[in-house]
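Residues per chain are reported as follows:
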Amino acid sequence: MTETRTCIVAEDETILRHALVAELQRAWPSLRVVAECEDGASAVEALAEHQPDVAFLDIRMPGLTGLEVAALAAEASPKTQIVFVTAYDQYAIDAFERGAIDYLLKPVKPERLLATVERLQARDALPDAATLAALLDKLGALPNAASAVEPLTWLTASAGRETRLILVDDVAYFQADHKYTTVVTAEGEALLRTPLRELLPRLDANTFKQIHRSTIVNLKAIAGIVRDDSGRGTVRLRHRPETLTVSQPFMALFKHM
C-alpha cells in the first residue's frame, strides 16, 4: 500500500495555486494537500500545525517571502522538505539545482512537476539543516518584489471624524481589523483602510515583523519578550500598557533576543 504523504501549497495567486494543487493530484494521487495558503504568515502557521512532509512555497508572497518561511520552517516543521516555486529563470535554476531542495518554475509544467514528485519520492533521507542553510544563502541574492518598493514613511489614518498623518516610525504595532488595519501608537489608535497583508510589503522589513497572523510589530517598540511553556511568546511594549501574543511559529524571529 502506498504511504500517504502530506503537503501544503503557498501561492498568493489563486489561479496558480489551484492549478498547482490540481497538477499535484494528478502527478501524486496519494499526496494529501492539508492546507492552501495565500501568504507567508498563513504558510508558517500551516507548517507548525500540520508538520507536512512537503511544502511548495512561492518565493514572492505578501508579507513573509518563501525564503523567510523556509527559514522559519527549520524550527516550525524541521522534517518538511521544501520545494520553491519561482517565476525566475536561469538565475534561480542555477541556485536550486544543487542540494536536496527542488524548485518549480512558473507556470508549472506537468512534466517538470512529475520530475519533482519522482525526486521527492526517491529520497530516503530528509534534507539536513546545512543543506537548507546553504540553499537559503544562495537564494538570498535573488531580487525581492518588496525590496523594489520604497518603504512607507507616512500613513494617513482616521480616528473618528479626524484624519491623522502618522509617521511610520511612531507606530508601535499594526493589527488586522476585518478588511482594515488598526494603527497603534503611544498616543492612541487610528484606522487604516488597507488590509494587513497589503500593508506588510510596504513596511521596512528590518523594523517591522509579523508576529501573529493578525499582528505586525515595530521591533523598536518592544521592551521585552517572554516565552511560555507552549512555545508561544508575549511581547511587552515600551510605551503601551497592553501585551502582544507571538504565535509559536514566529518565535524563531526572537531567538537571539
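Residues numbered from 1 in each chain as written. Predicted model: local features only at pLDDT ≥ 70, side-chain atom pairs only at ≥ 80, totals over all residues. Heavy atoms only, no water.

Peer 1: When you look at a negative patch on the surface in this model, what are you seeing that I'm missing?
Peer 2: Side chains of Asp 169, Asp 170, Glu 187 and Asp 204 sit close together on the surface and give a patch of like negative charge. Inspection of the secondary structure assignment puts Asp 204 in the loop between α7 (196-199) and β11 (208-212). (Patch = residues over 30% accessible without salt bridge, like charges linked within 9 Å, V, L, I, M, F, W, Y side chains within 5 Å. Areas by Shrake-Rupley, 256 points an atom, 1.4 Å probe, with all protein chains shown as cover. Salt bridge = Lys/Arg side-chain N within 4 Å of Asp/Glu carboxyl O. Lys, Arg positive; Asp, Glu negative; His and termini not counted. Charge placed at Lys NZ, Arg CZ, Asp CG, Glu CD. Helix = DSSP H or I, 4+ residues; strand = E, 2+ residues; numbered from the N terminus.)

Peer 1: So what exactly am I meant to see when it comes to the pattern of salt bridges here?
Peer 2: When the charged atoms of two side chains lie near each other, side chains of opposite charge can form a pair. Counting across every chain of the model gives 10 salt bridges. The residue Glu 162 makes a salt bridge to Arg 164 at a minimum N-O spacing of 3.6 Å. Look at Arg 164 and you get partly exposed, because its relative accessible area is 29%. (Buried < 20%, exposed > 50% of the residue type's maximum accessible area, 1.4 Å probe, protein only.)

Peer 1: Looking at this model, I keep getting lost on the sheet that holds strand β3 (residues 54-58). Mind explaining?
Peer 2: Through backbone hydrogen bonds, the strands of a sheet pair up, either in parallel or in antiparallel fashion. Strand order in the open sheet formed by 5 strands is β2-β1-β3-β4-β5, with parallel pairing between adjacent strands. Of all the strands in the sheet, just β2 (31-37) and β5 (102-105) have a single pairing partner and so form its edges. Strand-to-strand, the axes of this sheet are offset by a mean angle of 20°, without reference to chain direction. In the sheet, strand β1 (residues 5-10) pairs with β3 via 4 bridges, with the strands oriented parallel. What sits directly across from Val 9, in β3, is Phe 56. Contacts between helix α1 (residues 14-27) and the sheet are confined to β1, β2, β3, β4 (81-86) and β5, with β2 contributing the most and set at about 175° to the helix. In the packing of helix α5 (residues 110-122) onto the sheet, the strands contacted are β3, β4 and β5, and the crossing angle to β5 comes to about 170°. (Pairing = 2+ DSSP bridges. Axes fitted to C-alpha atoms, helices over the stretch in contact; angles between N-to-C directions. Contact = heavy atoms within 4.5 Å.)

Peer 1: I tried to follow the environment of Ile 225 on my own but got confused; where do I start?
Peer 2: By the element assignment, Ile 225 lies in strand β13 (residues 222-227). Judged by its relative accessible area of 24%, Ile 225 falls in the partly exposed class. Residues Ile 225 and Val 246, spaced 21 residues apart in sequence, show a C-alpha to C-alpha distance of 9.0 Å. The contacts of Ile 225, once residues within four sequence positions are left out, are Thr 234, Val 235, Val 246, Met 251 and Phe 254.

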